[in-house]
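One letter stands for each residue in the lines below.
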Amino acid sequence: MKDPVQKTIGYRLTHTARLQKALSARLLAALGLFPGQESVLKLLCEADGRTMGDLASALRVRPPTASKTIARLTTQGLVERRATDGDGRLVRVFLTDAGRERGASIDNVWDQLEAEMVLGLDSKEKKRLRKLLRKVEKNLALRLGADGGLDDEAEPGDEDEDA
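Please read these numbers as outputs of a predicted model, since none were measured by experiment. Counting restarts for each chain, with residues numbered from 1 along the sequence as it is written. Given that this is a predicted model, residues contribute local features only at a pLDDT of at least 70 and side-chain atom pairs are listed and counted only at 80 or more, while totals for whole chains, interfaces and linings are drawn from all residues. Only hydrogens and water are set aside when side-chain values are computed; all heavy atoms of the structure are taken into account.

Caption draft 1: Layout of the packing of helix α3 (residues 52–59) against helix α4 (residues 63–75). Between α3 and α4, the least distance of the axes is 9 Å, while the angle of their chain directions is 105 degrees. Viewed along their axes, α3 and α4 adopt a mutual orientation that is roughly perpendicular. When α3 is examined against α4, the residues M52, L55 and A56 are found in contact with a partner set consisting of P63, A66, S67 and I70. All residues other than Ala, Val, Leu, Ile, Met, Phe, Trp, Tyr, Cys, Pro, Asp, Glu, Lys and Arg, Gly among them, are scored as polar; the first ten of these are nonpolar and the last four charged. Tallied by class, the residues present in the contact of α3 with α4 amount to six nonpolar, one polar and no charged. Axes, fitted as lines to C-alpha atoms, cover a helix only where it is in contact. Angles between the N-to-C directions of the axes lie from 0 to 180 degrees. Numbering goes from the N terminus for both helices and strands, where a helix is a DSSP run of H or I of at least four residues and a strand is a run of E of at least two. Oblique is the label for every angle not falling under 35 degrees (roughly parallel), over 145 degrees (roughly antiparallel), or within 65 to 115 degrees (roughly perpendicular). Every residue pair with non-hydrogen atoms within 4.5 Å of one another is taken to be in contact.

What follows is the structure, given as structure tokens:
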């Protein structure tokens, strides 16, 4: 007999998130990246030369966590730190050519991950799943008193006729 907890939505979400994270880590490892590093590279691809504070804020982590990630990416030759003209205390992070190349490969990883996650779902089921997950996110974020980074706008085509 299955544990009744395994039938809960919370359990299913947690288990699914773990599996998604494991597959993501495997796909990123093929690029020589660890989970979390891809987010930094993508942010820098969008706007190179961010400060450590900007990166920490955008990643929603504490500055020491961002600093450790940048140190690892620097060791890998994917980013470099440069002092800002006139203020040696303000350091900006820039992609190297290798970092720019690696950053360009991340979308392919995300696309592959997405395709594998929703394999077997038709477009209507995918839209419905996104809508339901947004509702769960909103409920949890409201309970925590934060927006949780939610994008309240439905994606194009996600409107449900039966909603």
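Caption draft 2: Region of the structure containing the environment of A22. With respect to the helices, strands and loops of the structure, A22 is situated in helix α1 (residues 9–29). Between the C-alpha atoms of A22 and P35, which are 13 residues apart in sequence, the distance is 9.3 Å.

Caption draft 3: Up close: the nonpolar core. Only buried residues count toward a nonpolar core, which is a set of Ala, Val, Leu, Ile, Met, Phe, Trp, Tyr and Cys residues joined through side-chain atoms within 4.5 Å. The buried label goes to any residue with under 20% of its type's maximum accessible area, the exposed label to any with over 50%, and the partly exposed label to all in between, with areas taken from a 1.4 Å probe on protein chains only. Membership of the largest hydrophobic core comes to 19 residues, with the highest contact counts inside it found for L33, L41, L44, I70, L73, V79 and V93. Secondary-structure elements contributing two or more residues to this core are α1, α2 (37–46), α3, α4, β3 (87–95) and α5 (97–117). Counting residues per element, this core draws most heavily on α2, at four residues. In this structure, V93 is in contact with L44, D48, G49, R50, M52, L55, I70, V79 and E80, ignoring residues within four places of it in sequence.

Caption draft 4: Representation of the pattern of salt bridges. Salt bridges are defined by distance alone: a side-chain nitrogen of Lys or Arg within 4 Å of a carboxyl oxygen of Asp or Glu. Going through the model one piece at a time under the given rule, you end up with four salt bridges. Two residues, K42 and D107, come together in a salt bridge whose shortest N-O distance is 3.0 Å. Of this pair, K42 sits in helix α2 while D107 sits in helix α5, placing them 65 residues apart in sequence. Among the residues examined, K42 registers a relative accessible area of 15% and is labelled buried. Residue D107 is classed as partly exposed on the basis of its relative accessible area, which comes to 35%. E80 is paired through a salt bridge with R82; the nearest N and O atoms lie 2.7 Å apart. What makes E80 partly exposed here is its relative accessible area of 31%. What you see here is one network of salt bridges that share partners, running through D48, D97 and R100.

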